[in-house]
Amino acid sequence: MTLALAQVTVPTFLPVEDGRIAYRDTGPHPDGRPPLVLLHGGAVDGRMWSRQIGPLSARHRVVVPDARGHGASSTPGPQGYRPHADLAALLEHLDAGPVALVGLSMGARVAFDTALERPDLVDRVVLCGAGAGEPVWTDPWTVDTMARWEQARLDLDAERWVRVFLEFVPGPFRTEADVDPAVLAEIRLMAVDLLSHHLPADPAAPPGPIGFLDDAAERAGAFPVPLLGLVGALDSDDHRRIVADAVAAVPDGRSGEIGGTAHYPNMERPREFDRAVLDFVSR
């Protein structure tokens, strides 16, 4: 079994306050189309976009950062960090804006916050699997899975932590047997790498704060750019709801659904995902 993430190139590093950001950049595209910046989900890293880099870079410059505490970026200290500020620093360093931000799960929140705080750097936003502000979980499957995942962290049970995290891949309506083994193996490897390289001194202690915007949902009515909300048709009710809520709240929002997949449609259905992104960016 060949893992697609093994084909991702070695990153470059940008020093930032109290750390560094790792990123991969395919370089300027000759036709001047807006760059695409791909923002990964929590507990994985930029390698989750390995299926997108080649096809998307045929038409756009593609930049793929690792958030702090993930991948090859530095581990944040107890003071935490602000993801949207890190992203703005990277875009300014690359002189890349305005860009199209494509964020999945945690990356979707980073994209939304960055557009609110730095609209000069953002042309449009694609959200997948998350929306604006801190999510509220109400679906029994999501509530139970999140609770077991957190308990595994508190119990310092790394194996169980990874095992529960992998339940988000098939989602509530499938089993792991319904998912391409290569996708599961790639997500498992990224999660294990996170534990291997970014585990704090006291894993049971609350992690340093991630500085998402507290008022992002309240500010959605003034969202400054077009937004596309994508969902996997088999993702949890909560994940699909929070994307729909974000689309409904912004002035220029539209929705899309990708069948046969849950929380990682870019990995399970890359052609459909790429087509949706390129259609939106080119409109």
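Above: the structure in question.
Figured I'd write up the structure that's included with this text. (Residues numbered from 1 in each chain as written. Predicted model: local features only at pLDDT ≥ 70, side-chain atom pairs only at ≥ 80, totals over all residues. Heavy atoms only, no water.)

**Overview of the pattern of salt bridges**
Between side chains of opposite charge, a pair can form as their charged atoms come close. Formally: Every case where a carboxyl oxygen of Asp or Glu lies within 4 Å of a side-chain nitrogen of Lys or Arg is listed as a salt bridge. Numbered from the N terminus, helices here are DSSP runs of H or I no shorter than four residues, and strands are runs of E no shorter than two. A 1.4 Å probe rolled over the protein chains alone gives each residue an accessible area, and that area as a share of the maximum for its type sets the label: buried under 20%, exposed over 50%, partly exposed in between.
Counted by the stated rule, this structure contains 23 salt bridges. Across the pair Arg 47 and Asp 45 runs a salt bridge whose closest N-O atoms are separated by 2.9 Å. Between Glu 186 and Arg 51 there is a salt bridge, with its nearest N and O atoms 2.8 Å apart. One end of the pair, Glu 186, is in helix 6 (residues 181–198); the other, Arg 51, is in helix 1 (residues 50–57), and 135 residues separate them in sequence. Each member of the pair, Glu 186 together with Arg 51, is buried. Taken together, the salt bridges that share partners define one network made up of Asp 45, Arg 47 and Asp 193.

**Considering unusual backbone geometry**
For the peptide bond that leads from Gly 97 to Pro 98, omega is -5°, which places it in the cis range. The phi torsion at Ala 43 lies on the positive side, around 75°, for a residue other than glycine. Its place among the elements puts Ala 43 in the loop between strand 3 (36–39) and helix 1.

**Regarding the nonpolar core**
Here is the rule we go by: What we call a nonpolar core is a set of buried Ala, Val, Leu, Ile, Met, Phe, Trp, Tyr and Cys residues that are connected through their side-chain atoms within 4.5 Å.
Residues Trp 161, Phe 165 and Ile 187 are the most contacted members of the largest nonpolar core, which totals 42 residues. Looking at this core element by element, the count peaks at seven residues for helix 6. Grouped together as the second largest cluster of nonpolar side chains are 41 residues, Val 99, Leu 121, Val 225 and Ile 242 included.

**Topic: the environment of Arg 153**
Heads up, the condition is: Throughout this description, a polar contact denotes any pair of N or O atoms lying within 3.5 Å of each other; where both atoms belong to protein, one of them has to be capable of donating a hydrogen while the other can accept it, and for residues adjacent in sequence the pair is counted only when both atoms sit in side chains.
With respect to the helices and strands, the residue Arg 153 is situated in helix 4 (residues 140–154). Considered as a pair, Arg 153 and Ala 205 are 52 residues apart in the sequence and their alpha carbons are 9.3 Å apart. Side chain to side chain, Arg 153 and Glu 150 meet in a polar contact 2.7 Å long.

**Observations regarding the packing of helix 5 (residues 158–165) against helix 6**
Selection rule: For helices, the fitted line uses only the C-alpha atoms of the stretch in contact; every axis is such a line through C-alpha atoms, and the angle between N-to-C directions lies from 0 to 180 degrees. The crossing is said to be left-handed when, going from far helix to near helix, the turn is anticlockwise and less than a right angle, and right-handed when the turn is clockwise. Any two residues whose heavy atoms approach within 4.5 Å are treated as being in contact.
Taken N-terminus to C-terminus, the directions of helix 5 and helix 6 make an angle of 145°; their axes are 10 Å apart at the nearest point. When the axes of helix 5 and helix 6 are compared, the crossing they make is right-handed. Taken together, the residues of helix 6 that come into contact with helix 5 (itself represented by Ala 158, Trp 161, Val 162 and Phe 165) are Ile 187, Arg 188, Ala 191, Val 192, Leu 194 and Leu 195.

**Remarks on helix 4**
We apply this condition: The length a helix should cover is 1.5 Å for every residue beyond the first. The arc in question is the one traced by the directions running from the helix axis out to the C-beta atoms.
End to end, helix 4 covers 21 Å across 15 residues, agreeing with the expected 21 Å (1.5 Å per residue, within 8%). Buried residues of helix 4: Thr 142, Thr 145, Trp 149, Ala 152 and Arg 153, and no others. Considered in projection along helix 4, the buried side chains sweep an arc of 105° and stay on one side of the axis. Residues of helix 4 that are buried in the fold lie against helix 5 and helix 7 (237–249). Leu 156 occupies a position one or two residues after helix 4 and carries a positive phi of about 60°.

**With respect to the side chain of Asp 113**
So the rule is basically this: Residues counted as positive are Lys and Arg, residues counted as negative are Asp and Glu, and His and the chain ends are not counted.
Along the chain, the position of Asp 113 falls in helix 3 (residues 106–117). The buried charged residue Asp 113 lacks any salt bridge partner; its closest oppositely charged side chain belongs to Arg 109, at an N-O distance of 5.4 Å. Polar side-chain contacts of Asp 113 include one of 2.9 Å to the backbone nitrogen of Leu 213. Each residue touching Asp 113, except ones within four places of it in the same chain, is listed here: His 84, Phe 212, Leu 213 and Ala 216.

**Points about the pairing of strand 1 (residues 12–16)**
Here is the rule: For two strands to be treated as a pair, DSSP must find at least two bridges joining them.
Looking at chain direction, strand 1 and strand 2 (residues 19–25) are connected through five bridges and run antiparallel. Directly across from Thr 12, in strand 2, lies its bridge partner Tyr 23.

**Re the packing of helix 2 (residues 83–94) against helix 3**
Note the threshold: Reported orientations rely on four angle classes, namely roughly parallel under 35 degrees, roughly antiparallel over 145, roughly perpendicular from 65 to 115, and oblique for the rest. The classification used treats Ala, Val, Leu, Ile, Met, Phe, Trp, Tyr, Cys and Pro as nonpolar, Asp, Glu, Lys and Arg as charged, and all other residues, Gly among them, as polar.
Orientation of helix 2 relative to helix 3, taken along the N-to-C sense of each, is 70°, at an axis distance of 9 Å. Relative to helix 3, the element helix 2 lies roughly perpendicular. The two elements helix 2 and helix 3 meet at a crossing, and its hand is right-handed. In this structure, helix 2 contributes Pro 83, His 84 and Leu 87 to the contact, and helix 3 contributes Val 110, Asp 113, Thr 114 and Glu 117. Within the contact of helix 2 with helix 3, the residues separate by chemical class into three nonpolar, two polar and two charged.

**Focus: the sheet that holds strand 7 (residues 227–232)**
With respect to topology, eight strands assemble into an open sheet ordered 1-2-4-3-5-6-7-8, the strand pairing being mixed. Each edge of the open sheet is held by one strand with a lone partner, namely strand 1 and strand 8 (253–258). Direction aside, neighbouring strands of the sheet carry axes that sit 25° apart on average. As paired elements, strand 7 and strand 8 share six bridges and run parallel to each other. Directly across from Gly 229, in strand 8, lies its bridge partner Ser 255. Across the sheet, helix 2 touches strand 1, strand 2, strand 3, strand 4 (62–66) and strand 5 (99–104), and the angle it forms with strand 2 is around 55°.

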